[in-house]
Amino acid sequence: MLAVPAGCVYPADFDMTSNPTASFTLSRRHLLGIEGLSPEEIVGLLDLAEEFVVLNRQVEKKRATLRGRTQINLFFEASTRTQSSFELAGKRLGADVMNMSVSTSSVKKGETLIDTAATLNAMHPDVLIVRHSASGAVELLARKVDCSVVNAGDGAHEHPTQALLDALTIRRNKGRIEGLTVAICGDIAHSRVARSNILLLHALGAQVRVVAPPTLLPKDIERFGVEVHHDMRHGLADVDIVMMLRLQRERMNGSFVPSVKEYFHFWGLDEAKLRYARPDALVMHPGPMNRGVEIDSAVADGAQSLIREQVEMGVAVRMAVLDALSRNLPNG
Amino acid sequence: MADLRPTLLAKARILDPSRDLDTTGDIFIADGVIKDVTGDLTSAGLPEGTEIVDCRGLIAVPGLVDMRAFIGEPGAEHRETLASASQAAAAGGVTTIICQPDTDPIIDDPAIVDFILRRARDTAIVHVHPMAALTKGLEGREMTEIGLLGAAGAVAFTDGTRSIPSAQVLRRALTYARDFGALIVHHTEDASLVGEGVMNEGELASRLGLAGVPKAAETIVLERDLRLVAITGGRYHAASLTCAESLDVLRRAKRDGLDVTASASINHLALNERDVVGYRTFFKLTPPLRSEDDRVALVQAVAEGLIDVVVSDHNPQDVEVKRLPFSEAAFGAIGLETMLAAGLRLVKDGALDLMTLVRAMSTRPAEILGLPAGTLRPGRLADIALIAPDEAWLLDPATLKSRCRNTPFDEARFEGRVVRTLVAGRTVYEYV
């Protein structure tokens, strides 16, 4: 039993040495993407996350894994759910968590990403959670700091913790990932969630389809090894999972699709279209949802929806990532 | 030139594409001019004080004429000055730089042409000729004073890295320029198709989550331009072609007898889109690096002479605009110092012969621009690069003469380098 310092928020009887039974270490300093993770590493993270799902449902939700560590959430792009999910994950592991929303800070004053990185680095954080609107920006920042960096979304590139939480949600509900058919529907072109999910689902042996109007598909997407569909009837036929993506407002009115009305008519997930999928198909959405644009409320709130469970799994997966990375931290 | 000693370049391999000459011999230079090129001059009575340079194992070629270099003087001297660009050029065997008009102020007025020429005369160690803007303010709307700018010394007319959106504007410019014999150099990229694009469109861009530039952005503009050349009879040069599809378009126009020539940048001949992996901004170029198939097709086009000219596309950008996320970083790479070394790689690989490379980097651009360069003929100014073809070296960015370090050949291994550069008979660079 470690001594509890004065002013510590831990309860007196809290066992500071307790650790999850499934111990797992990521043999890397950063988590920048799903690309490069082995299936074993992905499964290791999911198994570890299961432990945290249990923990998070208890009254006492705290661990000491990151005690004394500093986690900075550096969000160059506004986010409510991802940032709060990481904040909660860090706090439940005992870290001191600081949120920096950069829209209000020095980047507005012309400071470059690298200057920001150097400034934060000088404060000796242990983990940086970074979101940025430019693809590759998190990797660039990671090269300039000494601590661990977790990519919380970079441009249209990757969003690894989202893919992990999606996989955990699927696995808990279907018992497996291998052999499932997953349709990812909507704005694939601008989606980091789609890219990370395609990589992860392929790594674990699922079949992936993308379903979208051609203007919302990136060039040569078929080279990713996915089946490409332009209509929901064929795209959703016999799938196990329907994963909807958010369509940004600025892309709805003539630039990529003609109108919200037309988009919802052909690609919005309502109960009629959901019937193309397997009867036991489950519906997912990374949020925040545009109800009536890409998804109908009846489906979003219906019996087949996993959307709220995804949020719960988000915290557990992020705890698992932080836990697994922290074992590589100096003095860890 | 009175202080210039006569020079004898002795026992060099002499390679002169202007005469298809490839021989071993001596070059005698006096008063800044090539006096004689023969098999063996050493036994002849040389003037007293002649400097004899032992050139055994070296290749003497006409100094390179770089048809596309962005410099920054006036207006962006922190990126590059005429002086620093000329130092970089000399180190790369480039004896004539054609600077681009996107300066501040823009080179769209004869007084600015005059400024560039005077400034270059006073500060640069190689020849510098400006291209003038084709449209006022590079805005793509009203043509510049093509006649007066040409008389002031502009060697061609271009809007730099901007394409003229209006077919009508380009048509009138081609028509008007024809009577002056003026050359129009055009960047062939449809701005609306480029959009937010930062690299070649395709699988790799999709994987990296970067917006792509389709090849059609280039071929559509090239097709349009060549049809305008057909109806106007103007002189046209495509500034930087990158893809196989464009080559088909160009080939057809040349076969139809149009007065059309084209360049490719050394970057597009030596690199491909895969170099961007890791979000390396030094490889962010406009037009973008394309696929390996396109690169190979482009090299083949240079070998056939379909692509007339190889340019450095030298574009210095400082750290502040390059050390950024890829989509936010500036376009451009420096190239004056490395264009020949990178070209020699293609020669070593057997993709090009040296004569063809030197023709595309020296003789052809001089012909197209009407400059008395790109040749080792007696009577011409002694603009010469001496190459040690087997010298292996590693590019150390710290040794670059350019004010910027944005080289895509950072730490690259090369075989073959420039060891001495002469401009009008004066040694302006010597590798020691």
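Residues numbered from 1 in each chain as written. Chains lettered and ligands numbered in written order. Predicted model: local features only at pLDDT ≥ 70, side-chain atom pairs only at ≥ 80, totals over all residues. Heavy atoms only, no water.

1. Examining the overall build of chain A
Phase 1 of the analysis: Tallying secondary structure elements over chain A gives 11 helices and nine strands in all.
Phase 2 of the analysis: In terms of overall size, chain A behaves like a compact globule, its C-alpha atoms giving a radius of gyration of 20 Å where 332 residues would be expected to give roughly 20 Å.
Phase 3 of the analysis: Projecting the C-alpha coordinates of chain A onto the three principal axes gives extents of approximately 60 × 45 × 30 Å.
Phase 4 of the analysis: When burial is assessed residue by residue, chain A has 57% of its 332 residues classed as buried.
Phase 5 of the analysis: Long-range contacts, defined here as pairs at least 24 residues apart, represent 73% of the contacts in chain A between residues at least 6 apart.
Phase 6 of the analysis: Working note: accessible area of chain A is about 13,600 Å², and carbon and sulfur atoms make up 50% of it. (Helix = DSSP H or I, 4+ residues; strand = E, 2+ residues; numbered from the N terminus. Rg over C-alpha atoms; globule rule 2.2 N^0.38 Å. Buried < 20%, exposed > 50% of the residue type's maximum accessible area, 1.4 Å probe, protein only. Contact = heavy atoms within 4.5 Å. Areas by Shrake-Rupley, 256 points an atom, 1.4 Å probe, with all protein chains shown as cover.)

2. What to know about the interface of chain B and chain A
Phase 1 of the analysis: On the side of chain A, 23 residues touch chain B, which itself brings 16 residues to the contact.
Phase 2 of the analysis: Between chain B and chain A, a total of about 1,500 Å² is buried, with carbon and sulfur atoms accounting for 56% of that surface.
Phase 3 of the analysis: The tally of links from chain B across to chain A stands at one salt bridge.
Phase 4 of the analysis: In this structure, the salt-bridge partner of B:Glu203 is A:Arg223, at a minimum N-O distance of 3.4 Å.
Phase 5 of the analysis: At the surface where chain B touches chain A, the tally comes to seven residue pairs in polar contact (both at pLDDT 80 or more). (Buried area = accessible area lost by both parts, 1.4 Å probe. Salt bridge = Lys/Arg side-chain N within 4 Å of Asp/Glu carboxyl O. Polar contact = N/O pair within 3.5 Å; in protein donor to acceptor, adjacent residues only side chain to side chain.)

3. Looking at the nonpolar core
Buried together is how nonpolar side chains tend to be arranged in soluble globular proteins.
Phase 1 of the analysis: With 102 residues, the main nonpolar core has B:Ile97 and B:Ile307 as its most contacted residues.
Phase 2 of the analysis: Other than its neighbours up to four places away in sequence, B:Ile307 contacts B:Leu241, B:Leu247, B:Leu250, B:Ala262, B:Ser263, B:Ala264, B:Leu298, B:Ala301 and B:Val302.
Phase 3 of the analysis: Within the second largest apolar cluster, 90 residues are counted, among which are A:Leu48, A:Ile129, A:Val211 and A:Ala212. (Core = buried A, V, L, I, M, F, W, Y, C linked by side-chain atoms within 4.5 Å.)

4. With respect to the packing of helix α4 (residues 167-180) of chain B against helix α7 (residues 216-232) of chain B
Think of two packed helices as two axes; the pair is described by the angle between the axes and how far apart they sit.
Residue and element names in this part refer to chain B.
Phase 1 of the analysis: Contact pair α4 / α7: the axes reach a minimum separation of 9 Å and the direction vectors enclose 40°. The orientation of α4 relative to α7 falls into the category oblique. Crossing of α4 against α7: the hand is right-handed. Contact with α4, carried on its side by Ala167, Leu170, Arg171, Leu174, Thr175 and Arg178, involves Arg224, Asp225, Leu228, Val229, Ile231 and Thr232 of α7 and no other residues of that element.
Phase 2 of the analysis: Tallied by class, the residues present in the contact of α4 with α7 amount to six nonpolar, two polar and four charged. (Axes fitted to C-alpha atoms, helices over the stretch in contact; angles between N-to-C directions. Parallel < 35°, antiparallel > 145°, perpendicular 65-115°, else oblique. Left-handed = near helix turned anticlockwise from the far one by under 90°. Nonpolar A, V, L, I, M, F, W, Y, C, P; charged D, E, K, R; others polar.)

5. Concerning the sheet that holds strand β9 (residues 132-133) of chain B
Within a sheet, each strand pairs with its neighbour through backbone hydrogen bonds, oriented either parallel or antiparallel.
Residue and element names in this part refer to chain B.
Phase 1 of the analysis: The strand order across the open sheet formed by six strands is β9-β10-β11-β14-β15-β16, and the pairing between neighbours is parallel. The open sheet is flanked by β9 and β16 (309-311), the only strands paired with a single partner.
Phase 2 of the analysis: Relative to β16, strand β15 (residues 260-265) runs parallel, the two sharing three bridges. Residue pairing for β16: Ala264 is matched across the bridge by Val310.
Phase 3 of the analysis: Packing of helix α13 (residues 354-369) onto the sheet brings it into contact with β11 (183-186), β14 (235-238), β15 and β16, and relative to β16 it is tilted by some 110°. (Pairing = 2+ DSSP bridges.)

6. Some thoughts on the sheet that holds strand β8 (residues 127-130) of chain B
Residue and element names in this part refer to chain B.
Phase 1 of the analysis: Ordered in space as β6-β7-β8, the three strands form an open sheet in which the pairing is parallel. Every other strand in the sheet has two partners, leaving β6 (64-69) and β8 as the edge strands with one partner each. When strand polarity is set aside, the average angle formed by the axes of neighbouring strands in this sheet is 20°.
Phase 2 of the analysis: By the bridge criterion, four bridges tie strand β7 (residues 94-99) to β8 in an arrangement that is parallel. Residue pairing for β8: Ile97 is matched across the bridge by Val128.
Phase 3 of the analysis: Docked against the sheet, helix α1 (residues 82-91) engages β7 and β8, running at close to 140° with respect to β7.
Phase 4 of the analysis: In the packing of helix α2 (residues 110-123) onto the sheet, contacts are made with β7 and β8, and the angle to β8 comes to roughly 170°.

7. Digging into the pattern of salt bridges
Phase 1 of the analysis: This structure, assessed with the given rule, holds 46 salt bridges over all chains.
Phase 2 of the analysis: B:Asp308 is the partner of B:Arg364 in a salt bridge, and the nearest nitrogen-oxygen pair spans 2.8 Å. Taken together, the residues span a long stretch of sequence, with B:Arg364 in helix α13 and B:Asp308 in the loop between α10 (292-304) and β16 at a distance of 56 residues.
Phase 3 of the analysis: Within this structure, A:Asp47, A:Glu50, A:Arg171, A:Arg172 and A:Glu309 form a network of salt bridges that share partners.

8. A short note on α13(B)
All names here are of chain B.
Phase 1 of the analysis: The first and last C-alpha atoms of α13 sit 22 Å apart over 16 residues, in line with the 22 Å expected at 1.5 Å per residue.
Phase 2 of the analysis: Along α13, the sharpest change in direction is near 45° and occurs at Ala360.
Phase 3 of the analysis: In terms of residue burial, α13 counts as a mostly covered element, since 13 of its 16 residues are buried.
Phase 4 of the analysis: N-capping of α13 is provided by Asp353, with a side-chain oxygen placed 3.2 Å from the backbone N of Met355.
Phase 5 of the analysis: One or two residues past the end of α13 sits Gly370, with phi positive at roughly 70°. (Expected span 1.5 Å × (residues − 1). Bend = angle between axes of the 7 residues up to and from the residue.)

9. Regarding unusual backbone geometry
Phase 1 of the analysis: Cis geometry marks the peptide bond from A:Gly287 to A:Pro288, where omega comes out at -10°.
Phase 2 of the analysis: In this chain, B:Glu73 is followed by B:Pro74 through a cis amide linkage whose omega measures 0°.
Phase 3 of the analysis: Within the element layout of this structure, B:Pro74 appears in the loop between β6 and α1.
Phase 4 of the analysis: One non-glycine residue with positive phi stands out, namely A:Asp238, at about 65°.
Phase 5 of the analysis: Residue placement: A:Asp238 occurs in the loop between α7 (232-236) and β8 (241-244).

10. Brief notes about the confidence of the model for chain A
Phase 1 of the analysis: Taken as a whole, chain A shows an average pLDDT of 91; of its residues, 90% reach a score of 70 or greater.
Phase 2 of the analysis: Overall, residues 1-12 of chain A carries pLDDT values under 50, and its contacts beyond four positions in sequence, including any with other chains, amount to 18 contacts. (pLDDT = per-residue confidence, 0-100.)

11. Some remarks on the environment of A:Val54
Residues and elements named next belong to chain A.
Phase 1 of the analysis: Mapped onto the elements, Val54 comes out in helix α1 (residues 39-56).
Phase 2 of the analysis: Taking relative accessible area as the criterion, Val54 reaches 52% and is therefore assigned exposed.
Phase 3 of the analysis: Each C-alpha atom of the pair Val54 and Glu111 lies 42 Å from the other, and the pair is 57 residues apart in sequence.

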